[in-house]
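Listed below are the residues making up each chain.
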Amino acid sequence: MRKKIVAANWKMNLTLNQGAELVNDLFNGMPVLNDDKLVILAPPFTHLTQTAEQLAGMIDVHLAAQNCHHEAAGAYTGEISAAMLKSAEVEYVIIGHSERRLYFKEDDATLAKKVNQALTNELKVIFCCGEPLEIRDANTQNSFVESQIKAGLFHLSTEQLEEIVLAYEPIWAIGTGRTASSAQAQDMHEHIRSVIAKQYGQEAADNMSILYGGSCKASNAAELFACPDVDGGLIGGASLKAEEFLGIIEALS
Ligand code: 13P
């Protein structure tokens, strides 16, 4: 069944102490969630073990990493494998974030390999897609996002696809304060669901959670999440403050 999800992407923010404090504050304010709702936290690699220990008593809150390497193991100085994440009690991994695509030159082929590594190691994937401003201005965002999804995911079986959460994050909305309108988000999410349905069937598409990301905050989350094809959010800046992030979690209900 399709889940409603609020996921925090801390990106490269917070020291260990600051991260521990934030999780503690979330713990104290966390509402009780129904079975169809969950929260995911994606702290930096250095924080994963500490965060896993803190989350041990919180059944609704799950742990994610922000990236993994596309090979299983070997001479890749500074990198982290999917197997390492699994051994650190990580459940999800974010793959294909626009910041990874842009600053670290991660292309479609590499991202497809990362997805394979994650699934081989029994991690679920939060797969990101989203267009830059010039594509939005040219009104070609639907085909742009469709090609990202095809390249990253369409080699998977229907069974494997069940381990994927999609996150639509228009690049022009990330960290800019310029959120997509709920109509823009709904249009794209509906398109993404139809792309999945064409390849994998309506049931697989209906079961897929599609999150919105990009300047989502407590004040606009409820409107975005009320769209029929928006199943929650992937939150950057607003996930770094407990009160703000708890407000977004409240907007799930
Ligand atoms: P902001 O919420 O800071 O715009 O970031 C969104 C994002 O990139 C989450 O992955």
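What counts, and at which threshold
- Residues numbered from 1 in each chain as written.
- Predicted model: local features only at pLDDT ≥ 70, side-chain atom pairs only at ≥ 80, totals over all residues.
- Heavy atoms only, no water.
- Near = heavy atom within 4 Å.
- Polar contact = N/O pair within 3.5 Å; in protein donor to acceptor, adjacent residues only side chain to side chain.
- Areas by Shrake-Rupley, 256 points an atom, 1.4 Å probe, with all protein chains shown as cover.
- Nonpolar A, V, L, I, M, F, W, Y, C, P; charged D, E, K, R; others polar.
- Core = buried A, V, L, I, M, F, W, Y, C linked by side-chain atoms within 4.5 Å.
- Buried < 20%, exposed > 50% of the residue type's maximum accessible area, 1.4 Å probe, protein only.
- Contact = heavy atoms within 4.5 Å.
- Phe/Tyr/Trp six-rings, centres within 6.5 Å; stacked < 30°, edge-to-face > 60°.
- Helix = DSSP H or I, 4+ residues; strand = E, 2+ residues; numbered from the N terminus.
- Axes fitted to C-alpha atoms, helices over the stretch in contact; angles between N-to-C directions.
- Parallel < 35°, antiparallel > 145°, perpendicular 65-115°, else oblique.
- Left-handed = near helix turned anticlockwise from the far one by under 90°.

Re the site of the ligand
Right, on to step 1. Residues in contact with the ligand amount to 13 residues; listed here are only the nearest, Lys11, His97, Gly175, Ser215 and Gly237.
Right, on to step 2. With respect to the ligand, the side chain of His97 contributes an N or O atom lying 2.8 Å from an oxygen atom.
Right, on to step 3. Here the ligand loses 94% of its free accessible area of 310 Å² to cover by the protein chains.
Right, on to step 4. By residue class, the composition of the shell around the ligand is 4 nonpolar, 7 polar and 2 charged.

Some words on the nonpolar core
Right, on to step 1. Formed by 71 residues in total, the largest nonpolar core has its most connected members in Ile164, Ile192, Ile196 and Phe225.
Right, on to step 2. Contact partners of Ile196, with chain neighbours within four places excluded, come to Ile149, Phe154, Leu161, Leu166, Gly201, Ala204, Ala205 and Met208.
Right, on to step 3. Within the second largest apolar cluster, 14 residues are counted, among which are Ala7, Ile40, Ala167 and Leu234.

Observations concerning the packing of aromatic side chains
Right, on to step 1. Applying the stated rule across the entire model yields 2 aromatic pairs.
Right, on to step 2. Ring centres of Phe154 and Tyr200 lie 5.5 Å apart, and the angle between their planes is 85 degrees; on these two criteria the pair is classed as edge-to-face. With a gap of 46 residues between them, Phe154 in the loop between α7 (141-153) and α8 (158-161) and Tyr200 in helix α9 (residues 182-200) connect regions that are remote in the sequence. Each member of the pair Phe154 and Tyr200 is classed as buried.

So, unusual backbone geometry
Right, on to step 1. The phi angle at Lys105 is positive, at roughly 55 degrees, despite the residue not being glycine.
Right, on to step 2. Topologically, Lys105 is positioned in the loop between α4 (98-103) and α5 (108-120).
Right, on to step 3. Look at Lys105 and you get exposed, because its relative accessible area is 66%.
Right, on to step 4. One non-glycine residue, Asn139, lies in the positive phi region at around 60 degrees.
Right, on to step 5. Examined against the element boundaries, Asn139 turns out to sit in the loop between α6 (133-137) and α7.

A short note on the environment of Ala205
Right, on to step 1. Along the polypeptide, Ala205 turns up in helix α10 (residues 202-207).
Right, on to step 2. Assessed through its relative accessible area of 0%, Ala205 is described here as buried.
Right, on to step 3. C-alpha separation for the pair Ala205 and Arg193, spaced 12 residues apart in sequence, amounts to 5.4 Å.
Right, on to step 4. Residues within four places of Ala205 in sequence aside, it is in contact with Arg193, Ile196 and Ala197.

Things to note about the packing of helix α1 (residues 16-29) against helix α2 (residues 48-55)
Right, on to step 1. Taken N-terminus to C-terminus, the directions of α1 and α2 make an angle of 20 degrees; their axes are 10 Å apart at the nearest point. By the angle between their axes, α1 is roughly parallel relative to α2. Judged by the twist between their axes, the crossing of α1 over α2 is right-handed. Taking contact as the criterion, the partners of Leu16, Gly19, Ala20, Val23 and Asn24 in α1 are, on α2, Gln50, Thr51, Gln54 and Leu55.
Right, on to step 2. Looking at the contact of α1 with α2, its residues break down into 4 nonpolar, 5 polar and no charged.

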